[in-house]
Amino acid sequence: MKIRFNLDFLPILAAGIFWGTMSPAGKQLAILNTDMLSVAFLRTILMSSTIGIYIFLRKKELFRITTRQCLFLFLLSGITIGGIYAGYFFSLQHLSVSLTVVIFFSHPLITALGSAIITREPPTKFQIAGAILTVAGVSTAALNSFNGPGSFDLTGILWCLFAALAMSIYSISGRLSAKTGFVNQTALFFYIQFFGILWMAFIKTFASGWADIPTLQWEQLKWILHISLIGSLIGYSLYFIGLRRVNATTASIVSCIEIVTAMSLSALFLNQPPMITEVIGGILIIMAIGIVSSEKTLKKVSP
(Lines give C-alpha, C1' and ligand atoms only; values in the text may rest on other atoms or scores of the structure.)
Protein backbone atom coordinates (compact mmCIF):
# COMPACT_ATOMS: atom_id res chain seq x y z
CA MET A 1 0.00 0.00 0.00
CA LYS A 2 1.42 3.36 -1.02
CA ILE A 3 0.56 6.53 0.90
CA ARG A 4 0.51 9.92 -0.76
CA PHE A 5 -0.49 12.97 1.25
CA ASN A 6 -3.21 15.28 -0.03
CA LEU A 7 -1.65 18.77 -0.29
CA ASP A 8 -5.03 20.56 -0.39
CA PHE A 9 -4.84 20.86 3.39
CA LEU A 10 -1.63 22.96 3.37
CA PRO A 11 -3.38 26.39 3.67
CA ILE A 12 -5.23 25.03 6.72
CA LEU A 13 -1.97 23.76 8.20
CA ALA A 14 -0.36 27.17 7.63
CA ALA A 15 -3.38 28.84 9.26
CA GLY A 16 -2.96 26.69 12.36
CA ILE A 17 0.72 27.63 12.55
CA PHE A 18 -0.12 31.35 12.34
CA TRP A 19 -2.81 30.90 15.00
CA GLY A 20 -0.26 29.18 17.22
CA THR A 21 1.79 32.36 17.34
CA MET A 22 -1.08 34.14 19.07
CA SER A 23 -0.79 32.20 22.33
CA PRO A 24 2.70 33.50 23.21
CA ALA A 25 1.56 36.99 22.14
CA GLY A 26 -1.51 36.65 24.36
CA LYS A 27 0.70 35.60 27.27
CA GLN A 28 2.78 38.73 26.79
CA LEU A 29 -0.39 40.86 26.82
CA ALA A 30 -1.55 39.12 30.00
CA ILE A 31 1.81 39.90 31.64
CA LEU A 32 1.19 43.55 30.69
CA ASN A 33 -2.27 43.39 32.34
CA THR A 34 -4.10 44.05 29.08
CA ASP A 35 -7.88 43.70 28.95
CA MET A 36 -8.41 40.90 26.43
CA LEU A 37 -11.77 42.37 25.44
CA SER A 38 -9.88 45.47 24.27
CA VAL A 39 -7.64 43.16 22.26
CA ALA A 40 -10.71 41.49 20.73
CA PHE A 41 -12.35 44.84 19.90
CA LEU A 42 -9.23 46.28 18.24
CA ARG A 43 -8.70 42.95 16.49
CA THR A 44 -12.08 43.20 14.72
CA ILE A 45 -11.36 46.81 13.70
CA LEU A 46 -7.94 46.03 12.25
CA MET A 47 -9.09 42.91 10.44
CA SER A 48 -12.26 44.41 8.94
CA SER A 49 -10.41 47.60 7.91
CA THR A 50 -7.71 45.65 6.08
CA ILE A 51 -10.19 43.39 4.30
CA GLY A 52 -12.40 46.41 3.54
CA ILE A 53 -9.51 48.25 1.86
CA TYR A 54 -8.80 45.17 -0.27
CA ILE A 55 -12.45 44.92 -1.35
CA PHE A 56 -12.62 48.67 -2.08
CA LEU A 57 -9.55 48.48 -4.32
CA ARG A 58 -10.32 45.18 -6.04
CA LYS A 59 -14.01 44.19 -5.83
CA LYS A 60 -16.30 46.97 -4.65
CA GLU A 61 -19.35 44.94 -5.63
CA LEU A 62 -18.73 42.63 -2.68
CA PHE A 63 -19.90 45.39 -0.34
CA ARG A 64 -23.42 45.00 -1.77
CA ILE A 65 -25.44 42.44 0.15
CA THR A 66 -29.18 41.94 0.51
CA THR A 67 -31.15 42.78 3.65
CA ARG A 68 -31.57 39.06 4.32
CA GLN A 69 -27.82 38.44 3.95
CA CYS A 70 -27.09 41.42 6.19
CA LEU A 71 -29.31 40.07 8.98
CA PHE A 72 -27.83 36.59 8.61
CA LEU A 73 -24.24 37.86 8.74
CA PHE A 74 -25.01 40.10 11.73
CA LEU A 75 -26.36 37.14 13.71
CA LEU A 76 -23.55 34.86 12.49
CA SER A 77 -21.00 37.44 13.63
CA GLY A 78 -22.59 37.61 17.08
CA ILE A 79 -22.25 33.86 17.52
CA THR A 80 -18.80 33.37 15.99
CA ILE A 81 -16.98 36.53 17.09
CA GLY A 82 -18.79 36.59 20.43
CA GLY A 83 -17.86 32.97 21.06
CA ILE A 84 -14.30 32.81 19.70
CA TYR A 85 -13.14 36.23 20.94
CA ALA A 86 -15.24 36.85 24.08
CA GLY A 87 -16.59 33.43 25.14
CA TYR A 88 -13.13 31.88 25.26
CA PHE A 89 -11.88 34.83 27.35
CA PHE A 90 -14.81 34.55 29.79
CA SER A 91 -14.24 30.81 30.18
CA LEU A 92 -10.64 31.47 31.25
CA GLN A 93 -11.98 33.54 34.14
CA HIS A 94 -13.68 30.44 35.58
CA LEU A 95 -11.61 27.45 34.39
CA SER A 96 -8.00 26.37 34.40
CA VAL A 97 -6.19 27.10 31.13
CA SER A 98 -5.81 23.37 30.46
CA LEU A 99 -9.49 22.54 30.85
CA THR A 100 -10.40 25.53 28.68
CA VAL A 101 -8.08 24.35 25.91
CA VAL A 102 -9.40 20.77 26.05
CA ILE A 103 -13.06 21.82 25.87
CA PHE A 104 -12.43 24.37 23.12
CA PHE A 105 -10.50 21.90 20.97
CA SER A 106 -13.45 19.54 21.00
CA HIS A 107 -14.62 21.66 18.06
CA PRO A 108 -13.44 19.11 15.44
CA LEU A 109 -15.99 16.63 16.82
CA ILE A 110 -18.73 19.29 16.85
CA THR A 111 -17.77 20.30 13.31
CA ALA A 112 -17.97 16.69 12.13
CA LEU A 113 -21.53 16.40 13.42
CA GLY A 114 -22.57 19.80 12.05
CA SER A 115 -21.07 19.16 8.63
CA ALA A 116 -23.13 16.01 8.22
CA ILE A 117 -26.31 18.05 8.69
CA ILE A 118 -25.51 21.44 7.16
CA THR A 119 -23.06 20.88 4.31
CA ARG A 120 -24.14 17.27 3.66
CA GLU A 121 -20.59 16.03 4.22
CA PRO A 122 -20.83 13.24 6.81
CA PRO A 123 -17.50 12.41 8.45
CA THR A 124 -15.56 9.42 7.18
CA LYS A 125 -13.94 6.88 9.46
CA PHE A 126 -10.62 8.66 8.87
CA GLN A 127 -12.07 11.99 10.01
CA ILE A 128 -13.76 10.46 13.05
CA ALA A 129 -10.49 8.78 14.03
CA GLY A 130 -8.63 12.06 13.47
CA ALA A 131 -11.10 14.05 15.57
CA ILE A 132 -10.88 11.54 18.43
CA LEU A 133 -7.07 11.52 18.24
CA THR A 134 -7.08 15.34 18.31
CA VAL A 135 -9.17 15.50 21.48
CA ALA A 136 -7.02 12.76 23.03
CA GLY A 137 -3.87 14.68 22.09
CA VAL A 138 -5.10 17.96 23.55
CA SER A 139 -6.28 16.18 26.71
CA THR A 140 -2.93 14.43 27.13
CA ALA A 141 -1.01 17.67 26.59
CA ALA A 142 -3.06 19.34 29.32
CA LEU A 143 -3.00 16.37 31.71
CA ASN A 144 -0.50 17.81 34.20
CA SER A 145 -2.54 20.94 34.77
CA PHE A 146 -5.91 19.42 35.66
CA ASN A 147 -5.94 20.62 39.22
CA GLY A 148 -6.74 23.60 41.36
CA PRO A 149 -10.00 24.96 42.78
CA GLY A 150 -12.77 25.93 40.43
CA SER A 151 -11.47 23.84 37.55
CA PHE A 152 -14.93 22.49 36.76
CA ASP A 153 -16.99 25.64 37.23
CA LEU A 154 -20.25 25.21 35.27
CA THR A 155 -20.30 28.83 34.07
CA GLY A 156 -16.83 28.48 32.61
CA ILE A 157 -17.68 25.17 30.96
CA LEU A 158 -20.75 26.69 29.30
CA TRP A 159 -18.76 29.69 28.02
CA CYS A 160 -16.09 27.36 26.63
CA LEU A 161 -18.67 25.10 24.96
CA PHE A 162 -20.12 28.23 23.36
CA ALA A 163 -16.62 29.13 22.08
CA ALA A 164 -16.15 25.61 20.65
CA LEU A 165 -19.57 25.76 19.01
CA ALA A 166 -18.72 29.19 17.57
CA MET A 167 -15.50 27.87 16.03
CA SER A 168 -17.40 24.98 14.49
CA ILE A 169 -20.04 27.29 13.02
CA TYR A 170 -17.28 29.53 11.65
CA SER A 171 -15.68 26.56 9.88
CA ILE A 172 -18.96 25.22 8.53
CA SER A 173 -20.06 28.68 7.31
CA GLY A 174 -16.80 29.16 5.43
CA ARG A 175 -17.15 25.73 3.82
CA LEU A 176 -20.83 26.34 2.97
CA SER A 177 -19.90 29.65 1.35
CA ALA A 178 -17.22 27.94 -0.74
CA LYS A 179 -19.61 25.17 -1.83
CA THR A 180 -22.80 27.14 -2.51
CA GLY A 181 -21.79 30.80 -2.84
CA PHE A 182 -24.80 31.88 -0.74
CA VAL A 183 -22.51 34.75 0.27
CA ASN A 184 -19.17 35.38 -1.42
CA GLN A 185 -16.43 34.00 0.81
CA THR A 186 -14.47 37.27 0.95
CA ALA A 187 -17.65 39.22 1.74
CA LEU A 188 -18.51 36.66 4.44
CA PHE A 189 -15.06 37.10 5.99
CA PHE A 190 -15.35 40.92 5.89
CA TYR A 191 -18.86 41.27 7.28
CA ILE A 192 -18.32 38.80 10.12
CA GLN A 193 -15.41 40.98 11.29
CA PHE A 194 -17.22 44.26 10.52
CA PHE A 195 -20.32 43.33 12.53
CA GLY A 196 -17.95 41.90 15.13
CA ILE A 197 -16.94 45.49 15.93
CA LEU A 198 -20.52 46.20 17.03
CA TRP A 199 -20.81 42.99 19.04
CA MET A 200 -17.46 43.44 20.80
CA ALA A 201 -18.24 47.10 21.55
CA PHE A 202 -21.53 46.01 23.14
CA ILE A 203 -19.88 43.26 25.21
CA LYS A 204 -16.97 45.44 26.31
CA THR A 205 -19.25 48.30 27.37
CA PHE A 206 -21.02 46.12 29.91
CA ALA A 207 -18.18 43.75 30.82
CA SER A 208 -15.12 45.94 31.40
CA GLY A 209 -15.72 49.48 30.15
CA TRP A 210 -13.47 51.72 28.07
CA ALA A 211 -11.14 53.39 30.57
CA ASP A 212 -8.17 51.21 29.57
CA ILE A 213 -8.12 52.07 25.84
CA PRO A 214 -6.44 55.53 26.13
CA THR A 215 -3.77 54.06 28.44
CA LEU A 216 -2.55 51.32 26.07
CA GLN A 217 1.23 51.43 25.61
CA TRP A 218 3.24 50.68 22.47
CA GLU A 219 4.45 47.40 24.00
CA GLN A 220 0.81 46.30 24.21
CA LEU A 221 -0.14 47.71 20.81
CA LYS A 222 2.58 45.84 18.95
CA TRP A 223 1.34 42.50 20.33
CA ILE A 224 -2.23 43.48 19.45
CA LEU A 225 -1.05 44.26 15.91
CA HIS A 226 0.61 40.85 15.70
CA ILE A 227 -2.51 39.02 16.90
CA SER A 228 -4.76 41.03 14.58
CA LEU A 229 -2.77 41.19 11.34
CA ILE A 230 -0.41 38.21 11.46
CA GLY A 231 -2.18 35.61 13.59
CA SER A 232 -5.78 36.49 12.71
CA LEU A 233 -5.90 38.20 9.31
CA ILE A 234 -3.35 35.96 7.59
CA GLY A 235 -4.41 32.90 9.58
CA TYR A 236 -8.13 33.16 8.88
CA SER A 237 -7.54 34.17 5.24
CA LEU A 238 -5.55 30.98 4.70
CA TYR A 239 -8.19 29.00 6.57
CA PHE A 240 -10.98 30.25 4.30
CA ILE A 241 -8.84 29.58 1.21
CA GLY A 242 -8.29 26.02 2.43
CA LEU A 243 -12.02 25.51 2.97
CA ARG A 244 -12.48 25.77 -0.81
CA ARG A 245 -10.72 22.42 -1.23
CA VAL A 246 -11.26 20.48 2.02
CA ASN A 247 -14.36 20.01 4.13
CA ALA A 248 -14.91 21.66 7.50
CA THR A 249 -14.21 18.49 9.52
CA THR A 250 -10.77 17.99 7.98
CA ALA A 251 -10.03 21.71 8.35
CA SER A 252 -10.90 21.67 12.07
CA ILE A 253 -8.60 18.72 12.71
CA VAL A 254 -5.64 20.00 10.68
CA SER A 255 -5.87 23.47 12.24
CA CYS A 256 -5.19 21.91 15.66
CA ILE A 257 -1.50 22.14 14.73
CA GLU A 258 -2.02 25.47 16.51
CA ILE A 259 -1.52 23.66 19.82
CA VAL A 260 1.80 22.14 18.74
CA THR A 261 2.98 25.51 17.39
CA ALA A 262 2.03 27.32 20.60
CA MET A 263 3.85 24.76 22.77
CA SER A 264 6.95 24.91 20.56
CA LEU A 265 7.09 28.72 20.56
CA SER A 266 6.55 28.83 24.32
CA ALA A 267 9.50 26.48 24.73
CA LEU A 268 11.71 28.58 22.44
CA PHE A 269 10.86 32.13 23.48
CA LEU A 270 9.19 31.93 26.90
CA ASN A 271 11.60 29.42 28.49
CA GLN A 272 8.77 26.94 29.06
CA PRO A 273 10.08 23.55 27.88
CA PRO A 274 7.29 21.04 27.12
CA MET A 275 6.46 18.29 29.60
CA ILE A 276 6.41 14.67 28.46
CA THR A 277 2.60 14.70 28.35
CA GLU A 278 2.69 17.75 26.07
CA VAL A 279 5.12 15.99 23.74
CA ILE A 280 2.88 12.90 23.62
CA GLY A 281 -0.17 15.09 23.05
CA GLY A 282 1.58 16.89 20.21
CA ILE A 283 2.48 13.57 18.58
CA LEU A 284 -1.17 12.44 18.76
CA ILE A 285 -2.31 15.69 17.12
CA ILE A 286 0.27 15.29 14.33
CA MET A 287 -0.90 11.69 13.84
CA ALA A 288 -4.49 12.94 13.52
CA ILE A 289 -3.41 15.45 10.86
CA GLY A 290 -1.53 12.70 9.02
CA ILE A 291 -4.61 10.46 9.00
CA VAL A 292 -7.04 13.02 7.56
CA SER A 293 -4.52 14.48 5.10
CA SER A 294 -3.72 11.08 3.61
CA GLU A 295 -7.33 9.92 3.35
CA LYS A 296 -8.06 11.00 -0.23
CA THR A 297 -4.81 9.72 -1.63
CA LEU A 298 -4.49 6.39 0.16
CA LYS A 299 -4.34 3.86 -2.67
CA LYS A 300 -3.41 0.28 -3.18
CA VAL A 301 -0.59 -0.25 -5.61
CA SER A 302 -0.54 -3.43 -7.64
CA PRO A 303 2.60 -5.56 -7.20
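Residues numbered from 1 in each chain as written. Predicted model: local features only at pLDDT ≥ 70, side-chain atom pairs only at ≥ 80, totals over all residues. Heavy atoms only, no water.

Asks: Kindly report on the overall build of the chain, identifying the contributing residues and their values.
Replies: Along its length, the chain carries 13 helices and two strands. Taken over the C-alpha trace, the chain has a radius of gyration of 19 Å; the compact-globule value for 303 residues is 19 Å, and the two agree within 12%. Reported as C-alpha extents along the three principal axes, the dimensions of the chain are approximately 70 × 50 × 35 Å. For the chain, the proportion of its 303 residues judged to be buried stands at 50%. Counting contacts in the chain only where the partners sit at least 6 residues apart, residues at least 24 apart contribute 88% of the total. A total accessible area of about 14,400 Å² is found for the chain, and carbon and sulfur atoms account for 70% of it. (Helix = DSSP H or I, 4+ residues; strand = E, 2+ residues; numbered from the N terminus. Rg over C-alpha atoms; globule rule 2.2 N^0.38 Å. Buried < 20%, exposed > 50% of the residue type's maximum accessible area, 1.4 Å probe, protein only. Contact = heavy atoms within 4.5 Å. Areas by Shrake-Rupley, 256 points an atom, 1.4 Å probe, with all protein chains shown as cover.)

Asks: Please provide a residue-by-residue account of the packing of helix α1 (residues 10-20) against helix α10 (residues 218-242), values included.
Replies: With their axes 8 Å apart at the nearest point, α1 and α10 run at an angle of 160° to one another. Regarding the angle of α1 to α10, the classification is roughly antiparallel. With respect to the hand of their crossing, α1 and α10 are arranged in left-handed fashion. Contacts from Pro11, Ile12, Ala14, Ala15, Phe18 and Trp19 of α1 reach α10 at Ile230, Gly231, Ile234, Gly235, Tyr236, Leu238, Tyr239 and Gly242. Its residues assigned to classes, the contact of α1 with α10 shows eleven nonpolar, three polar and no charged. (Axes fitted to C-alpha atoms, helices over the stretch in contact; angles between N-to-C directions. Parallel < 35°, antiparallel > 145°, perpendicular 65-115°, else oblique. Left-handed = near helix turned anticlockwise from the far one by under 90°. Nonpolar A, V, L, I, M, F, W, Y, C, P; charged D, E, K, R; others polar.)

Asks: Tell me about the packing of helix α2 (residues 22-31) against α10, residues and numbers included.
Replies: Helix packing geometry: the angle between the two helix axes and the distance between the axes. Relative orientation of the contacting elements α2 and α10 amounts to 160°, with a least axis distance of 10 Å. Looking at the two axes, α2 sits roughly antiparallel to α10. Crossing angle aside, the handedness with which α2 passes α10 is left-handed. Residues Met22, Ala25, Gly26, Gln28 and Leu29 of α2 pack against Gln220, Trp223, Ile224, His226, Ile227, Gly231 and Ser232 of α10. Residue composition of the contact of α2 with α10, by class: six nonpolar, six polar and no charged.

Asks: How would you summarise the packing of aromatic side chains if you had to cite specific residues and measurements?
Replies: As enumerated under the stated definition, the model contains 21 aromatic pairs in all. Plain terms: the ring middles of Phe74 and Phe195 are 5.6 Å apart, the flat faces sit at 85° to each other, and that makes the pair edge-to-face. Placement of Phe74 in helix α4 (residues 67-92) and of Phe195 in helix α9 (residues 185-207) is noted, with a sequence separation of 121 residues between them. Members of the aromatic cluster, joined through ring pairs, are Phe63, Phe74, Phe190, Tyr191, Phe194, Phe195 and Trp199. Between the NZ or CZ atom of Lys60 and the centre of the ring of Phe56, over which it lies, the distance is 4.6 Å. Here the basic side chain of Lys204 rests over the ring of Trp210, its NZ or CZ set 5.5 Å away from the ring centre. (Phe/Tyr/Trp six-rings, centres within 6.5 Å; stacked < 30°, edge-to-face > 60°. Lys NZ or Arg CZ within 6 Å of the ring centre and 35° of its normal.)

Asks: Quick rundown of α2? Include the residues and the values.
Replies: Every buried residue belonging to α2 is among Met22, Pro24, Ala25, Gly26 and Leu29, and all of these are buried. At the C-terminal side of α2, Asn33 shows a positive phi close to 60°.

Asks: Account for the state of the cysteines, naming residues and giving values.
Replies: Applying the stated rule across the entire model yields zero disulfides. Left without a disulfide partner, Cys160 is nearest to the cysteine sulfur of Cys256, which lies 13 Å away. The exposure class assigned to Cys160 is buried, which follows from its relative accessible area of 0%. With a relative accessible area of 0%, Cys256 lands in the buried category. (Disulfide = S-S within 2.5 Å.)

Asks: Would you mind going over the confidence of the model for the chain in detail, with residue names and values included?
Replies: Here the chain averages 86 in pLDDT, while 90% of its residues score no lower than 70. Counted against residues more than four places away or in other chains, residues 1-5, with its pLDDT under 50, gives 15 contacts. (pLDDT = per-residue confidence, 0-100.)

Asks: Would you mind going over the nonpolar core in detail, with residue names and values included?
Replies: In terms of nonpolar packing, the biggest core is built from 75 residues, with Tyr85, Phe189, Met200, Tyr236 and Tyr239 touching the most fellow members. In terms of residue count, α9 provides more of this core than any other element does, ten residues in total. Residue contacts for Tyr85: discarding those within four places in its chain leaves Ala40, Arg43, Thr44, Met47, Thr80, Gln193, Met200 and Tyr236. (Core = buried A, V, L, I, M, F, W, Y, C linked by side-chain atoms within 4.5 Å.)

Asks: I'd like to hear about the side chain of Ser91, residue by residue, with values.
Replies: Tracing the chain through its elements places Ser91 in helix α4. Take Ser91: its relative accessible area is 0%, and that puts it in the buried class. Excluding residues within four positions of it along the chain, Ser91 makes contact with Thr100, Gly156, Trp159 and Cys160.

Asks: So what's going on with the side chain of Thr34? Which residues, and what values?
Replies: Its place among the elements puts Thr34 in the loop between α2 and α3 (36-58). Judged by relative accessible area, Thr34 falls into the buried class, the value being 9%. Only 2.9 Å separates the side chain of Thr34 from the side chain of Gln220, close enough to count as a polar contact. The residues touching Thr34, leaving out its near neighbours within four places in the chain, are Leu29, Val39, Leu216 and Gln220. (Polar contact = N/O pair within 3.5 Å; in protein donor to acceptor, adjacent residues only side chain to side chain.)

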